[in-house]
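One letter stands for each residue in the lines below.
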Amino acid sequence: MSNQGSNERFWENFHGPNMGYIEEQYEQFENDPSAVDPSLKEMFEEHGAPDWMKAAAPEKSNGVASTSEKDITKVTSALKLVEAIRRHGHLRASIYAVGNDERPSTNLLDLETYSLTEKDLENIPASWVWPEAPKNLTNALQVVETLKERYAGNIAFEFDHVHNEDERKWLQNKVDMGSFHVSLSNDEKKQLLQRLAEVEGFENFLAKTFVAQKRFSIEGLDVMVPMLDHIVRSASQDKIKHIMMGMAHRGRLNVLAHVLGKPYDRIFSEFHHSPDKELVPSEGSTGINYGWTGDVKYHFGAQKEIENGEQTATRVTLSHNPSHLEYVNPVVEGFTRAAQDDRTSAGYAEMDEDKAFGLLIHGDAAFIGEGVVAETLNMSDLPGYRTGGTVHIIANNLVGFTTNRKHGRSTRYASDLSKGFEIPVIHVNADDPISCMSAMALAYEYRQEFHKDILIDLIGYRRYGHNEMDEPRATQPKLYAEIDNHPTVAALFEEQLRGESVVEEGALDKIKEENEKKLREIYNNMSEHEANSPDVKDRPSGVERPLDSIETAIDIDRLRSLNEGMLKRPEGFNGFKKLEKILQRRSNMLDDGQKVDWATAEALAFASILEDGKPIRITGQDTERGTFAHRHLVLHDVKTGETYCPLHGLEQANASFDIHNSPLSEAGVIGFEYGYSVQAPEGLVIWEAQFGDFANAGQVIFDQFVSAGRAKWGEKSNMVFLLPHGYEGQGPEHSSARLERFLQLAAENNWTVANVTSSAQYFHLLRRQAAISNEEEARPLVLMTPKSLLRNQRVAVEGSRFSEGKFESLMKQPGLSKDKDKEKVKSLLLGSGKIMVDIEDTVEKSEESFETIDAVRVEQIYPFPEEKLAKMLEEYPNLEELVWVQEEPQNMGSWYFVEGILHKLLKDGQIHRYVGRPHRASPSVGEPNIHKTEQNRIIHEALQMSKGGNSHEGN
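Just so you know, these numbers come straight off a predicted model, no measurement behind them.

Let's talk about the sheet that holds strand 24 (residues 827-831)
1) Next: In space, the five strands of this open sheet follow the order 23-25-24-27-28, with mixed pairing throughout. Only two strands of the sheet have a single neighbouring strand rather than two, namely strand 23 (810-812) and strand 28 (911-917). Recorded for the sheet is a direction-independent mean angle of 25° between the axes of neighbouring strands.
2) Next: Direction of pairing for strand 27 (residues 881-889) relative to strand 28: parallel, over a ladder of six bridges. Its bridge partner being in strand 28, leucine 882 is matched across the sheet by histidine 912.

Comments concerning the packing of aromatic side chains
Here a ring pair, both rings aromatic, is described through the centre-centre distance and the interplanar angle of the planes.
1) Next: Evaluation of the coordinates by the stated rule reveals 32 aromatic pairs.
2) Next: A ring pair is formed by phenylalanine 216 and tyrosine 298, whose centres lie 4.7 Å apart and whose planes are at 70°; its orientation type is edge-to-face. Of this pair, phenylalanine 216 sits in the loop between helix 10 (186-209) and helix 11 (224-237) while tyrosine 298 sits in the loop between strand 3 (277-280) and strand 4 (302-307), placing them 82 residues apart in sequence. Grouping residues by exposure puts phenylalanine 216 and tyrosine 298 together as buried.
3) Next: Taken together, a centroid distance of 5.7 Å and an interplanar angle of 55° make the contact between phenylalanine 742 and tryptophan 751 tilted. The residues phenylalanine 742 and tryptophan 751 share a single accessibility class, namely buried.
4) Next: An aromatic cluster is built from Phe202, Phe205, Phe210, Tyr264, Phe268, Phe271 and Tyr523, whose rings are joined through pairwise contacts.
5) Next: For the cation-ring pair, arginine 86 lies above tryptophan 130, with the distance from its terminal atom to the ring centre recorded as 5.9 Å.
6) Next: The ring of phenylalanine 271 carries the charged tip of lysine 297 above its face, separated from the ring centre by 4.4 Å.

Overview of the sheet that holds strand 19 (residues 684-688)
1) Next: One open sheet accounts for seven strands, arranged 18-15-19-20-22-21-26; its pairing is mixed. Looking at which strands have only one partner, the edges of the open sheet turn out to be strand 18 (657-661) and strand 26 (860-862). Averaged over neighbouring strand pairs, the angle between their axes works out to 20° when direction is ignored.
2) Next: In this sheet, strand 20 (residues 720-724) lies alongside strand 19 in parallel orientation, the contact comprising three bridges. Note on strand 20: the bridge partner recorded for isoleucine 686 is valine 720.

Things to note about empty space enclosed by the protein
Rolled over the atoms, a probe with the dimensions of a water molecule shows which regions are left empty.
1) Next: Per the counting criterion, the structure on display carries eleven cavities of 30 Å³ or more.
2) Next: By volume, the largest cavity is sized at about 150 Å³.
3) Next: In terms of lining residues, the largest cavity is bounded by 19 residues, among which Val706, Ser707, Arg710, Asn750 and Pro780 are the most central.
4) Next: Of all the elements in the fold, those that place two or more residues in the lining of the largest cavity are helix 27 (699-706) and helix 28 (709-713).
5) Next: For the lining of the largest cavity, the leading source of residues is helix 28, giving three residues.
6) Next: Looking at the lining of the largest cavity residue by residue, the class counts come to nine nonpolar, five polar and five charged.
7) Next: Computed from the structure, the second largest cavity encloses a volume of approximately 100 Å³.
8) Next: Lining the second largest cavity, in full, are Asn563, Met566, Leu567, Arg569, Leu583, Arg586, Ala603, His632, Leu633 and Pro646.
9) Next: Broken down by class, the residue content of the lining of the second largest cavity amounts to six nonpolar, two polar and two charged.

Parameters and conventions
- Residues numbered from 1 in each chain as written.
- Predicted model: local features only at pLDDT ≥ 70, side-chain atom pairs only at ≥ 80, totals over all residues.
- Heavy atoms only, no water.
- Pairing = 2+ DSSP bridges.
- Helix = DSSP H or I, 4+ residues; strand = E, 2+ residues; numbered from the N terminus.
- Axes fitted to C-alpha atoms, helices over the stretch in contact; angles between N-to-C directions.
- Phe/Tyr/Trp six-rings, centres within 6.5 Å; stacked < 30°, edge-to-face > 60°.
- Buried < 20%, exposed > 50% of the residue type's maximum accessible area, 1.4 Å probe, protein only.
- Lys NZ or Arg CZ within 6 Å of the ring centre and 35° of its normal.
- 1 Å grid on protein atoms, 1.4 Å probe; cavity = no way out; pocket = protein on both sides within 12 Å on 5 of 7 lines; lining within 4 Å.
- Points joined across faces, edges and corners; volume = space filled by probe spheres on them.
- Nonpolar A, V, L, I, M, F, W, Y, C, P; charged D, E, K, R; others polar.

Following this line, the structure appears as structure tokens:
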């Protein structure tokens, strides 16, 4: 009984490239059965040779194979060619509008490379090399020509690096069939020409009207505006609530005008005629509010509501962007995640990926050159940071200011960085509007289908210099010789439409004349007024208001109830016994005679804020446990590995609590959390540094966004930064959070900078920060947090300090101020943080009386409590000196910030002086014993004790 029929059906399961692979493996099997994989060996032993090889089995004459064997080789070669077109078609694609001659040549798509001729391909059925080929394709030559059009035309693709089989098949099918291509009616083509003319005309008007002014023209990438129109329209039809956009300078004014709808006259008014005159928008022009000091016109963002029904609308938000171009990327991702999250219920916030998506427009040199891009891409699929897919566009103008591609990157394409994150790439020629619209359609559809990032490399050029004020022909003479003779995309599209008989000759000139007339009328209707004494706007009253009056105390019974709730565990949860034993010690910390440590105070603050209905999000490296193993707000079941957060099981919680370990990133994560805090002003967003100096790597975010965002752009954030700080002999990198940098940036009540020394102070400060969420008083909090002090009993305080009082910006020093005869005090020590706890410890252990010395802890350094300190100084009638004590070097820490303030408070005959480390290049010494000697010397000098430093004493 023959099994031939079943064998034939078995071999029908193999198609395309798999056939060639099976052939190779079978040939190895014939020579040596042990040379192939056991599963293949078993298959060949059961089914024999593939039926197509049997059908083409060569007849031999005198040992020479017949022609049929060569035919099989041709089929295999044809399969390799087809696969090469899909994988490498981009290498020969017409994706460069200019500068194409710089591309390296490739032979991967040549028939000769595979020993093929057109006749060979004509003799191979289409289905042999492309089983799903359309029926109109009958042979392999037609397949090759069709796929070259699809993969190597004005649009090209790279997705072979995408490992997910479903995604890769979906993309290949879309491209193979060309089903993603946008088909426009004649009217839609005319509208597209009109749009391109508007984009070009706007730039031309600005160039003529505001001569020699920077505008970072879009010209050469004009098609980006209709591409954005397309994705906004698609999102609106799908009733997506938010599109969060970020982009650098190139084309920004055009995008503001045409995508965001910023009125032309508002843009014109930001170009000043002369230093003493200012253009005023016409009456009724849409007002756009920014901060009180403002910014240059091409840094501003905007918002636009697009109605998509009576009940719904899509809001397009373009983020404000500083000249640190790519740093807006994580900020926009934070906006997006905040817009997706529902924070109204206990537990983790519930994320809806279809409520919002991000759209980021990058520069070609910046995308590959700026590390924050990689940091942001790495967050794209992490649980705490994913946003369900961002659409990226590289506005590729081939030049980075004056730097050529070969000097600006080590990769073939500007987009190559994205491949490491398995992001599909679409390269498209910016001179082909239909292909560009199709690229955007495919990108949006992919995002909606798979909720993952995708990138469009929009390759055009820059018609003028970087900012219209520099001469590009000095540095790129060859490129600009080509650009000077290159028609605009509107002219090229008009020519195409004339060839299709869609428009008549002169159609573009007519549209340009109408646009010019419209812009000129708007401009002429604007008035001018004298601005002889320009000044910044007044700050909002809420910014001016102090926060001292905010009540933060909580009834002790409420605190006990919250504490008890956090110690409960789900039934069957197997906690780590050693840890649970430590956590259960918190059960009696609020009892009389007991003290509440730092970690418990934090947990109580969080719990009470959640009970008040305010959501919390806290992230950072190792934040779930805490770098110093103090927090433990995510517990792990030792048997199942499942996790439980005590704040998620809290019955009293009325809002979400998000806690996530972050990737090893600072700039990216800080930017993300800042964006989240701006978009979710009702919540408390916290970023914790592993060590305070890790904030160094996010300095651009602090400088450009956190400290100045409200003053420049009116962007309000209530974010909290926990920066472990304190000198404990850990060396230069893990001692200082660079307090001085935050104080140098402190002005106009832009943030609060504090260094607190008790658990109750921390509790009240967090609750105060939550209280100003979504209020005019909102501002960030930069908090120097403890390391060794986390478990120091001098930081722990009794429960009554939580149920009474509030945050105190100044505190009397424990151990010195009690029962002090203030008339005897001649020296008043002032300082903050760990050094003051070290002084407290020294005083307690000393037998000296210290009658002439008192001390005050400055718990809030900015805004400095100057009035409170002035009143306090009145208590010391015989005071001779104010002594500022700090553990940081003199050129760091708070000294240079407080020196002028203290000088103003001095009365006749009084002096102020500094005690601490001398000026240093490095934040601290690297040798622990030297550190101890220095620390003890500072303490003894501050207390005017006779004994100096001793490296053997504790500190």
